[in-house]
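Structural features, examined
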Amino acid sequence: LPDFSTTNISMLGGFTKEENKADAGYEVVLAKQAAALNPRSPIEATIRDVLDLAEQKRFTEALNVLAELRESQPRRSDGYRASTATMALLALKAGDFPMFRRLARQLDKSLGAPVRVDPGYVEVISLYRAAVGKSLPVNASEGLRRLAAKYFEGAGPKSQKETKT
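Points about the overall build of the chain
Helix and strand content of the chain: seven helices and zero strands. The order of helices and strands in the chain, counted from the N terminus, is α-α-α-α-α-α-α. Going through the 165 residues of the chain one by one, you find that 39% of them count as buried. Considering only residue pairs separated by 6 or more positions, the chain has 47% of its internal contacts joining residues 24 or more positions apart. Carbon and sulfur atoms make up 52% of the accessible area of the chain, which totals about 9,900 Å².

Printed below as a string of structure tokens:
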């Protein structure tokens, strides 16, 4: 099992009286390579633990740990967006499509619902927009465009939350 003793996040502090939260002013930008994460940094160690959980196909646990980390990130920051995109992908791998839609909607809203989406988020945003019947980003891949046309043409009804936002 991963060692969470070095983490500094509130979910793990729930077993004791004191709750430790990551410093709200500290922005985390996720590394592209897991080896680049500093094991001495509590937040980066948490990210490594999330990756380990995902490799073990423990997607729901990884999602919950990452959700606690995301709470410490400003909504318009790269750290928030990267952790939200990762959470959306974990939800998809766990087979929880409604959770994927919620997280992808939050990511799209954080990005400002752009016409051209950052390449790091384009697949998540494209799949979400296809699923809810919105127009795809202009830089969506041809494969995602075909997928949207084949399976999501006239997408089903939106949830109440999606209708309000």
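After presenting the structure, the write-up continues.
Re helix H3 (residues 78-93)
Look at H3: 22 Å from first C-alpha to last across 16 residues, which is about the 22 Å you get at 1.5 Å a residue. Among the residues making up H3, those that are buried are Gly79, Tyr80, Arg81, Ala82, Ser83, Thr84, Ala85, Met87, Ala88, Leu90 and Ala91. Summarising the contacts, the buried residues of H3 are in contact with helix H1 (42-55), helix H2 (59-70), helix H4 (97-111) and helix H5 (122-132). At the exit of H3 stands Gly95, carrying a positive phi of roughly 85°.

Side note on the confidence of the model for the chain
Overall, the predicted model of the chain reaches an average pLDDT of 76, with 68% of residues at or above 70. Per-element confidence in the chain ranges from a low mean pLDDT of 56 for helix H7 (residues 160-164) to a high of 93 for H4. Below pLDDT 50 for its whole length, residues 1-24 participates in 37 contacts with residues either more than four positions away or in separate chains.

Some words on H5
Of all eleven residues in H5, ten are buried; the element is thus mostly enclosed. The complete set of buried residues in H5 reads Val122, Val124, Ile125, Ser126, Leu127, Tyr128, Arg129, Ala130, Ala131 and Val132. Just downstream of H5 lies Gly133, where phi reads positive at about 80°.

Digging into the nonpolar core
Nonpolar side chains in soluble globular proteins generally cluster together in the buried interior. Core analysis: the largest hydrophobic core is formed by 28 residues, its most contacted members being Leu90, Phe100 and Tyr121. When contributions to this core are tallied by element, the ones reaching two or more residues are H1, H2, H3, H4 and H5. Leave out the neighbours within four places in its chain, and Tyr121 touches Asp78, Arg81, Ala82, Ala85, Leu107 and Leu111.

A few points about unusual backbone geometry
Residues other than glycine seldom take positive phi values, yet Lys57 does so here, at roughly 60°. Tracing the sequence through the fold places Lys57 in the loop between H1 and H2. Here the phi dihedral of Ala113 falls at roughly 50°; this positive angle occurs in a residue that is not glycine. The topology assignment puts Ala113 in the loop between H4 and H5.

Let's talk about the environment of Ala54
Among the structural elements, Ala54 can be located in helix H1. If we skip the residues at most four places from it in the chain, Ala54 touches Phe59, Ala62 and Leu90.

What counts and how
Residues numbered from 1 in each chain as written. Predicted model: local features only at pLDDT ≥ 70, side-chain atom pairs only at ≥ 80, totals over all residues. Heavy atoms only, no water. Helix = DSSP H or I, 4+ residues; strand = E, 2+ residues; numbered from the N terminus. Buried < 20%, exposed > 50% of the residue type's maximum accessible area, 1.4 Å probe, protein only. Contact = heavy atoms within 4.5 Å. Areas by Shrake-Rupley, 256 points an atom, 1.4 Å probe, with all protein chains shown as cover. Expected span 1.5 Å × (residues − 1). pLDDT = per-residue confidence, 0-100. Core = buried A, V, L, I, M, F, W, Y, C linked by side-chain atoms within 4.5 Å.

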